[in-house]
Amino acid sequence: MLAVDGVSVAFGGVRALDEVTFEVGRGAVCGVIGPNGAGKTTLFDVVSGLRRPGEGRVLLDGHDVTGMPAVRRARAGVRRTFQRTQVFGRLTVAANVLAALDWHGGGGGLAADLVGWPARRRLERERRERVAEVLELCGLTGLRDAYAAALPVGQRRLVELARALADRPRLLLLDEPTSGLDAGQSARLGEVVRALETTVLLVEHDMGFVMDTCDRIVVLDLGKVIATGTPAEVREDPVVRAAYLG
Ligand SMILES: Nc1ncnc2c1ncn2[C@@H]1O[C@H](COP(=O)(O)OP(=O)(O)OP(=O)(O)O)[C@@H](O)[C@H]1O
């Protein structure tokens, strides 16, 4: 589904990414780990389209998207969440998710509203159904009418995930999804991520979460992939142990 092929990014003399190659299969959850400065954020920037690599290619379902800017890539179904939660505090949980969907439709003003009324009503119903579905998936149904600002960080993160999932992304990029969460909240988030049918690439420092949640792991060190494999394979890899896990 996602293929990163020979990607290199240099900042002056620093090779933030050095011929990075790996693939993520459809529906798989792939973790990216590595010490500080390993290149994880740069890799996310390249996959989401914020940064163009000096060399190499990014492919989505076999299509080369290397030169495609972030906005178009988002339209093509690539969603990214950031380390700091980004939700609308003054909207309810349900309205937050609905707002993520509204991005697609609407426009055209009153005339279009009148002419397109039946179609709009159907669309509206579909949207509400999708919101309910996503809230259920993320365990937020009971909180649908709560204001996002009033929620603890763990639940805000679930709201952010719900927003990212609302319009069925093809590829979801999660940047440090457990940051600020306690063990119980992380476990809950891990369950939700594992239950998704979406392809997921996530960067995370919490090793327990990565091992429990991911199907495969890519280990970066100084911009290079030093190992890829299942959590068990990566944990046993002597190079990884020496470089990172200790
Ligand atoms: N805009 C930039 N200008 C110059 N150097 C940069 C820039 N962004 C990243 N780097 C360098 O590239 C390397 C990789 O950085 P990156 O932020 O991708 O690592 P990381 O694995 O995300 O680290 P962390 O876990 O600390 O967030 C580092 O040596 C960093 O100093």
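Located above this text is the structure these notes cover.
Residues numbered from 1 in each chain as written. Predicted model: local features only at pLDDT ≥ 70, side-chain atom pairs only at ≥ 80, totals over all residues. Heavy atoms only, no water.

Undergrad: Could you clarify how one ought to interpret helix α5 (residues 117-137) in this entry?
TA: Residues three or four positions apart in an α-helix share a direction because the helix packs 3.6 residues into each turn. Compared with the 30 Å implied by 1.5 Å per residue over 21 residues, the 30 Å span of α5 between its first and last C-alpha is a close match. Buried residues of α5: Arg127, Arg130, Val131, Val134 and Leu135, and no others. Seen end-on, α5 carries its buried residues on one side only, within an arc spanning 130°. Along α5, exposed side chains directed more than 90 degrees from the buried face belong to Pro118, Arg121, Arg128 and Glu136. Looking one or two places after α5, you find Gly139, whose phi comes out positive at around 70°. (Helix = DSSP H or I, 4+ residues; strand = E, 2+ residues; numbered from the N terminus. Expected span 1.5 Å × (residues − 1). Buried < 20%, exposed > 50% of the residue type's maximum accessible area, 1.4 Å probe, protein only. Arc of directions from axis to C-beta.)

Undergrad: Is there a simple way to explain the environment of Asp206 in this structure?
TA: The residue Asp206 is located in the loop between β8 (199-203) and α8 (207-213) in this model. It is 9.5 Å that separates the C-alpha atoms of Asp206 and Pro177, two residues lying 29 residues apart in sequence. Here Gly208 takes part through its backbone nitrogen, which lies 3.0 Å from a polar atom of the side chain of Asp206. (Polar contact = N/O pair within 3.5 Å; in protein donor to acceptor, adjacent residues only side chain to side chain.)

Undergrad: What is the right way to read the site of the ligand from this model?
TA: Around the ligand sit Phe11, Val14, Ala16, Pro35, Asn36, Gly37, Ala38, Gly39, Lys40, Thr41, Thr42 and His205, and that is every residue in its neighbourhood. Between an oxygen atom of the ligand and a side-chain N or O atom of Asn36, the distance comes to 3.3 Å. Here the ligand loses 58% of its free accessible area of 630 Å² to cover by the protein chains. Contributing elements (two or more residues each) for the shell around the ligand: β2 (14-24) and α1 (40-48). The dominant element in the shell around the ligand, judged by the number of residues it contributes, is α1, at three residues. When grouped by side-chain class, the residues that make up the shell around the ligand number five nonpolar, six polar and one charged. (Near = heavy atom within 4 Å. Areas by Shrake-Rupley, 256 points an atom, 1.4 Å probe, with all protein chains shown as cover. Nonpolar A, V, L, I, M, F, W, Y, C, P; charged D, E, K, R; others polar.)

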